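Notes for the structure review
Here's the letter readout for the chains.
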Amino acid sequence: MNEPLHQHLQAALASMPLPAGLCVAFSGGPDSSALLHALAQLPAARMHGLRALHVDHALHPDSAAWAAHCERFCAALDVPCEVLRVRVDGDTGLGVEAAARDARYAALAMQLREGDCLLLGHHRDDQAETVLLKLLRGAGPEGLGGMRALRPFGRGQLWRPLLALSRRQLRDYVAAHRLECIDDPSNADTRLARNQLRQEILPRLARHWPQAVDSILHSAALCRAAADALQAHWLAAFDALHDAASGSLDALGWLALAPALREPLLDHWLHARGLRAPGKAQRRQIERQCGARAGQLPCVRWAGTELHIWKGRLWALPPGRAVDAGWQVRWRGEPLALPDGGELTLAIEDTRLAEPLLVRLRRGGERIKPDGDAHTRELRDLFQQAQLPPWRRHACPLLYADDELVAVADRWISARGAAIFRQAGTSPRWRAGR
């Protein structure tokens, strides 16, 4: 146990609160191979159920062979290995690299048990690359603080125990132990931003400024300290601006914050909703649209997210599905999947209507006389009075008996509709898709 990597990991484990289990995110590349091999030599790691998780993205012809390599590598160490096969959605607008990352992290999070630690092989050179990428994308203190060594993840935590070690130290370990590693050809593709920094930009910086990585990481540590100091302030502002019932934010209250609080607060809100943070251009657009006149319905879009400004508040949600306005179907009460991903059901399961109703979506000009109301109402007016968000109105299911509108989802029901549902002893239930 005289090797620097063993000593480093032994000290790191001793300083950690005892996890329920240790999982290594194992790509089979040099960094994760060094991490897993070194941990396998430590009794303290094995005492915590050391295991490996390999994600097969199925994006390369050799991905199955890579998965088989990882299983053999782990078998030789007597470490359990599970291969997680994922589907990468290339149609999200994120790009294949980002979509693969999202799929990978989602799969890994699903495999964590309560209190587990997921270990990643990121090192100090990865950290320097991350900070430079964030700088080039216009990040503030939180982004320029780089990757956190420890953060919540799934039902446990994500831990990067190698951030103090260099790529060279890990490659020396791999060479000393003659570890067979996967060489992913995508790592040589300098069209990818991180590879461009790794292979061309950082080596040039190092030739002129030999301490470039040290200086970058020193600045990152200062930014991390600044971000942590600011967090208490923007968290207090978030509590004041956030409405837990609707999940929305007070738009003008958010805009009035100093930029150092405004940006991390927005990112925190979006991430808590499972959405991506905007780029610099989208942030500026959100700020401009916060002062939109009454009656306007601004929407700012970026990959994976839509942000609406409505009723003086910010509302964030995943992009809506394309909905066919001509969609319609006969329905007798069985669970019905709606075009936006929502569902129409009956309040009492396994009940059925005596006669089927026609379910369709808005086409414009619809009117209904709600049961007990003296007047026939336009749907447009009902939606506005009920403050139904505009992005939900186009997918709201309308129920017809013959050619008569008898129910608008579970919101408004005519006298005839009330009789139909009373006969069945139940009522409609609508769950919107987003």
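Here the structure is a predicted model, which is why all the values come from computation and not from measurement.

Brief notes about the UniProt feature "binding site: ATP" (unreviewed entry) in the chain
UniProt records the feature "binding site: ATP" (unreviewed entry) at Ser27, Gly28, Gly29, Pro30, Asp31 and Ser32, using the numbering of this structure. Mapped onto the elements, Ser27 comes out in the loop between strand S1 (22–25) and helix H2 (30–40). Once residues within four sequence positions are removed from consideration, Ser27 is found in contact with Ser32, His54, Cys70 and Ile182. A distance of 3.0 Å separates the side chain of Ser27 from the backbone nitrogen of Gly29, its partner in a polar contact.

Overview of the confidence of the model for the chain
Averaged over all residues, the pLDDT of the chain is 92; the fraction at 70 or higher stands at 98%. Ranking the helices and strands of the chain by mean pLDDT puts H2 first, with 97, and helix H5 (residues 96–111) last, with 88.

Regarding the UniProt feature "domain: Lysidine-tRNA(Ile) synthetase C-terminal" (unreviewed entry) in the chain
Here, UniProt's "domain: Lysidine-tRNA(Ile) synthetase C-terminal" (unreviewed entry) annotation points to residues 357–430. This span, residues 357–430, is 30% helix and 30% strand, and a straight line between its end C-alpha atoms measures 15 Å.

A short note on the sheet that holds strand S13 (residues 336–337)
Taken together, the three strands give an open sheet; going across it, the order is S13-S14-S21, and neighbouring strands pair in antiparallel fashion. Lying at the two open borders of the sheet, with one neighbouring strand each, are S13 and strand S21 (428–431). For strand S14 (residues 343–346) and S21, the ladder comprises four bridges, and the chain directions are antiparallel. Paired with Thr345 across the strands is Arg429, a residue of S21.

Section: the pattern of salt bridges
According to the stated counting rule, one finds 28 salt bridges in the structure shown. One salt bridge connects Arg167 with Glu129, and the closest N-O pair in it is separated by 3.0 Å. With a gap of 38 residues between them, Arg167 in helix H8 (residues 167–176) and Glu129 in helix H6 (residues 124–136) connect regions that are remote in the sequence. Between Asp267 and Arg283 there is a salt bridge, with its nearest N and O atoms 2.8 Å apart. Highlighted residues: Asp267 in helix H12 (residues 259–272) and Arg283 in helix H13 (residues 280–289), separated in sequence by 16 residues.

Things to note about the packing of helix H1 (residues 4–15) against H2
Contact geometry for H1 and H2: axes closest at 10 Å, N-to-C directions at 75°. On the basis of their axis angle, the class for H1 and H2 is roughly perpendicular. For the pair H1 and H2, contact is made by Leu5, His6, Leu9 and Leu13 and by Ala34, Leu35, Ala38 and Leu39, respectively.

Quick look at unusual backbone geometry
Positioned with a positive phi, Arg178 is a non-glycine residue whose angle comes to about 50°. As for its placement among the helices and strands, Arg178 is situated in the loop between H8 and helix H9 (193–208). Using a relative accessible area of 77% as the deciding quantity, one classes Arg178 as exposed. Notably, Asp350 is not glycine yet its phi reads approximately 65°, a positive angle. Positionally, Asp350 belongs in the loop between S14 and strand S15 (357–360).

What counts and how
- Residues numbered from 1 in each chain as written.
- Predicted model: local features only at pLDDT ≥ 70, side-chain atom pairs only at ≥ 80, totals over all residues.
- Heavy atoms only, no water.
- UniProt positions renumbered as here; feature names shortened; annotations may be inferred.
- Helix = DSSP H or I, 4+ residues; strand = E, 2+ residues; numbered from the N terminus.
- Contact = heavy atoms within 4.5 Å.
- Polar contact = N/O pair within 3.5 Å; in protein donor to acceptor, adjacent residues only side chain to side chain.
- pLDDT = per-residue confidence, 0-100.
- Pairing = 2+ DSSP bridges.
- Salt bridge = Lys/Arg side-chain N within 4 Å of Asp/Glu carboxyl O.
- Axes fitted to C-alpha atoms, helices over the stretch in contact; angles between N-to-C directions.
- Parallel < 35°, antiparallel > 145°, perpendicular 65-115°, else oblique.
- Buried < 20%, exposed > 50% of the residue type's maximum accessible area, 1.4 Å probe, protein only.

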